[in-house]
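Examination of the molecular architecture
Residue-level listing of the chains:
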Amino acid sequence: MEEAYHLRIKPTIENLLQVVVWVEAFCEAHPPSAEYEYKLQLLSEELFLNAVNHAYGPDRPDGDVWLTLLPQPEGASLIMEDEGEPFDPLEEAPAPDLEASLEDRDIGGLGLMLVREMSDQAAYERVGNRNRLALVFGPGPLPKMSGDVDTPKRSRLHGIFRDCRPRGITFRIVAILLVLLAVGISAAAGLNYLKFERILIETAAARYDPVLRELNRVVNDSLRSGLTLESTRTTQQLLDRSASQFGGAFDLAVRNANGAMLFGTEDFEGPSKPLPPQGEIVPDYSDPSRFVGHMSIVQNGVVVGTLSLSHGAEEVRETIPVMERELRRVVVVSLAPLLPLLAIATIFVLGRIEGRFHGRILAVTGMGDFKSSDPLAEAIQQVEESINPGV
Amino acid sequence: MELTVSKVDGATIIEVVGRVDGATAKEFEEKITEGVPDDAPGAVVCDISGVEYISSAGLRAVLVVAKRFQKLKKPFSVCGHAGPVAEVFRISGFEKIISMHATREEALASAGG
């Protein structure tokens, strides 16, 4: 198979000679095209000059055009591409009035008329952001319109992004996705944090539980001899000694079954509680500045009072807001780079899908003799034609 | 592109050789405007038998020139068109608006008669 000729060039009048030389070289290398050399020269020039004058507005002076010459067994095919506004030269170009007299005859429109008249087959399509016109000289065939031209390697990356045309639907889906993701991650982080905070508080509150149990056991034992709780004077000494052993880290209190204070360290702070179940420590968080645990005092299987241990909660409570701030920072820092990356990736993937669908819609709504290799578009087009046979 | 203007039997002959395309059309127009002044006597014949290639840019230049001579009421004709160049003239409908002849002699005879 002979090689296709590719020319990527800026559409300026100064570059016309380069196009001429390029076509000459192709015709010399491919003898079956020699018969059509005049037409190849002429239509290359017409398309190139049309691009010079019309393809790109003043806001894109550096746009390129792509010319391709494909060898064919009995002729050649010329493909012209540009990235200007969508324009179908086969359908949209105004035809000059060939019947007008010399003085009325308009000067424009001749070039594209020659393009239409002097090619044996012609097809236009909009591929991504490109206008693509294929002309055949000789018996053909017409090159397949999407993707069978072996484009040079350097434009492959460009090709990947060419179909990516994100529109309303893509942006809506991406926005919803991002909101869901941000809310989801924040909620998961928040719930885990609440769980962590509860465990932290419970652990801190249970710090002196072994002491409370041991004291409870001693008090219960002292009641075995039959003395009442109120008359066991050693209980006060027991409480004082225990508190001073721990340097006053906690306060202790013994109440009778009615909740009246019987013994206690001097500055006991902390509420009372209804009688807890036997042998269990009931934590009490009703005072935010103190952690309090209650245990029942049992004599002969009957609950006769409660023993309470209270210690300061400030240290733990103060660290909680600090941890909350830290958590928020971690969530933001980890989400900040993730969300834009995800947005770009999603826009890229969905944009390609949407771009293709948009191409199909264009094919279906029918810009002239669009030759498509897309079976869906062809099928829809056939259905459309059967519904509106006149169109 | 080469363009020469000469006087033959009271008529002006413009002889063009080479390519009349987007790169040379302007020059074609200017050289004829300079070479054939408004008050030049007689008919004007443009001999394009040496033109191997003409594009729509060249045709536009021919049209501009033809319109000027029509305004000046000066007989203007083109001769010597052949092959693909003739086909381009035909497809563009120029045969209907510009007097065209196979040879220079026919053109001169037609302008004189």
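See above for the structure.
Below you will find a few notes about this structure.

Calculation rules
Per chain, residue numbering runs from 1 following the sequence as it is written. Throughout, the order in which chains and ligands are written sets their labels, letters from A for the former and numbers from 1 for the latter. The model is predicted, so local features are restricted to residues of pLDDT at least 70 and side-chain atom pairs to those at 80 or more, both for listing and for counting; the totals for chains, interfaces and linings are taken over all residues. Going along the chain from the N terminus, every DSSP run of H or I of four or more residues is numbered as a helix, and every run of E of two or more is numbered as a strand. Buried means a residue has 20 or more other C-beta atoms within 10 Å of its own C-beta, exposed means 12 or fewer, and partly exposed covers the counts in between; C-beta atoms are placed from the backbone. The contact criterion used here is simple: two residues whose C-beta atoms, placed from the backbone, lie within 7 Å are in contact. By the convention adopted, Pro, Cys, Tyr, Trp, Phe, Met, Ile, Leu, Val and Ala count as nonpolar, Lys, Arg, Asp and Glu as charged, and the other residues, Gly among them, as polar. The directions considered for the arc are those from the helix axis to the C-beta atoms. Any two strands with at least two DSSP bridges between them are considered paired. With axes taken as lines fitted to C-alpha atoms, and helix axes fitted only over the stretch in contact, angles between N-to-C directions fall between 0 and 180 degrees. Under the definition applied here, buried Ala, Val, Leu, Ile, Met, Phe, Trp, Tyr and Cys residues are grouped into a nonpolar core through C-beta atoms within 7 Å.

Description of the overall build of chain A
When helices and strands are counted, chain A shows nine helices and ten strands. Out of the 391 residues belonging to chain A, those deemed buried represent 27%. Long-range pairs, those at least 24 residues apart, make up 58% of the contacts in chain A with a sequence separation of at least 6.

Quick word on the interface of chain B and chain A
Each partner contributes to the interface: chain B provides 20 residues, whereas chain A provides 20 residues. A per-element tally of the side of chain B that touches chain A places helix α2 (residues 56–71) of chain B first, with eight residues. For the side of chain B that touches chain A, a count of residues per class yields eleven nonpolar, six polar and three charged.

Description of helix α1 (residues 25–35) of chain B
Residues and elements named next belong to chain B. Regarding α1, the residues found buried are A25, F28 and I32. Buried residues of α1, viewed axially, fall in a sector of 55°; they line one side. Away from its buried face, by an angle of more than 90 degrees, α1 presents the exposed residues K26, E30 and E34.

Thoughts on the pairing of strand β1 (residues 2–8) of chain B
Residue and element names in this part refer to chain B. For β1, the buried fraction is low: zero of the seven residues fall into the buried class. Bridge count between β1 and strand β2 (residues 11–20): seven bridges; the pairing is antiparallel. The partner of V8 across the bridge, within β2, is A11. Between β1 and the antiparallel strand that follows it, β2, lie two residues; D9 among them carries a positive phi value of about 50°.

Digging into the sheet that holds strand β5 (residues 130–137) of chain A
All names here are of chain A. Across the sheet, which stays open at both edges, the five strands sit in the order β1-β2-β3-β5-β4 with antiparallel pairing between neighbours. The outermost strands of the open sheet, each flanked by one partner alone, are β1 (5–9) and β4 (121–127). If you compare each strand with its neighbour and ignore which way they point, the axes differ by 15° on average. Note that strand β3 (residues 75–82) and β5 share seven bridges and pair antiparallel. Residue pairing for β5: I79 is matched across the bridge by A134. Where helix α1 (residues 16–29) meets the sheet, its contacts fall on β1 and β2 (65–72), and the angle it forms with β1 comes to roughly 175°. Lying over the sheet, helix α2 (residues 37–55) contacts β2, β3 and β5, oriented at roughly 5° with respect to β3.

A short note on the sheet that holds strand β6 (residues 250–256) of chain A
All names here are of chain A. Ordered by their spatial adjacency, five strands build an open sheet running β7-β6-β10-β9-β8, and the pairing between neighbours is antiparallel. Unpaired on one side and paired on the other, β7 (261–264) and β8 (282–284) mark the two borders of the sheet. Recorded for the sheet is a direction-independent mean angle of 25° between the axes of neighbouring strands. The sheet strands contacting helix α7 (residues 234–245) are β6 and β7, and the helix crosses β6 at an angle near 160°.

Some details on the nonpolar core
Soluble globular proteins: nonpolar side chains tend toward being buried together. Core analysis: the biggest nonpolar cluster contains 72 residues, and L40(A), L43(A), L78(A), L114(A), L135(A), V44(B) and V45(B) have the highest contact counts within it. If one sorts the elements of this core by residue count, α2(A) sits on top with nine residues. Ignoring sequence-local partners within four residues, the contact set of L43(A) consists of L78(A), L114(A), V115(A), M118(A), S119(A) and L135(A). One finds A243(A), F250(A), M295(A) and L309(A) within the second-largest nonpolar core, a separate group that totals 16 residues.

Digging into the pairing of strand β9 (residues 290–299) of chain A
All names here are of chain A. By the criterion of burial, β9 is predominantly enclosed, with eight of the ten residues buried. Bridge count between β8 and β9: three bridges; the pairing is antiparallel. Residue pairing for β9: D284 is matched across the bridge by V292. Sheet analysis places β9 next to strand β10 (residues 302–312), joined by ten bridges and oriented antiparallel. Considered in β10, the bridge of V298 is made with V303. The turn joining β9 and β10, which pair antiparallel and follow one another in sequence, is formed by two residues; a positive phi near 55° is taken by N300.

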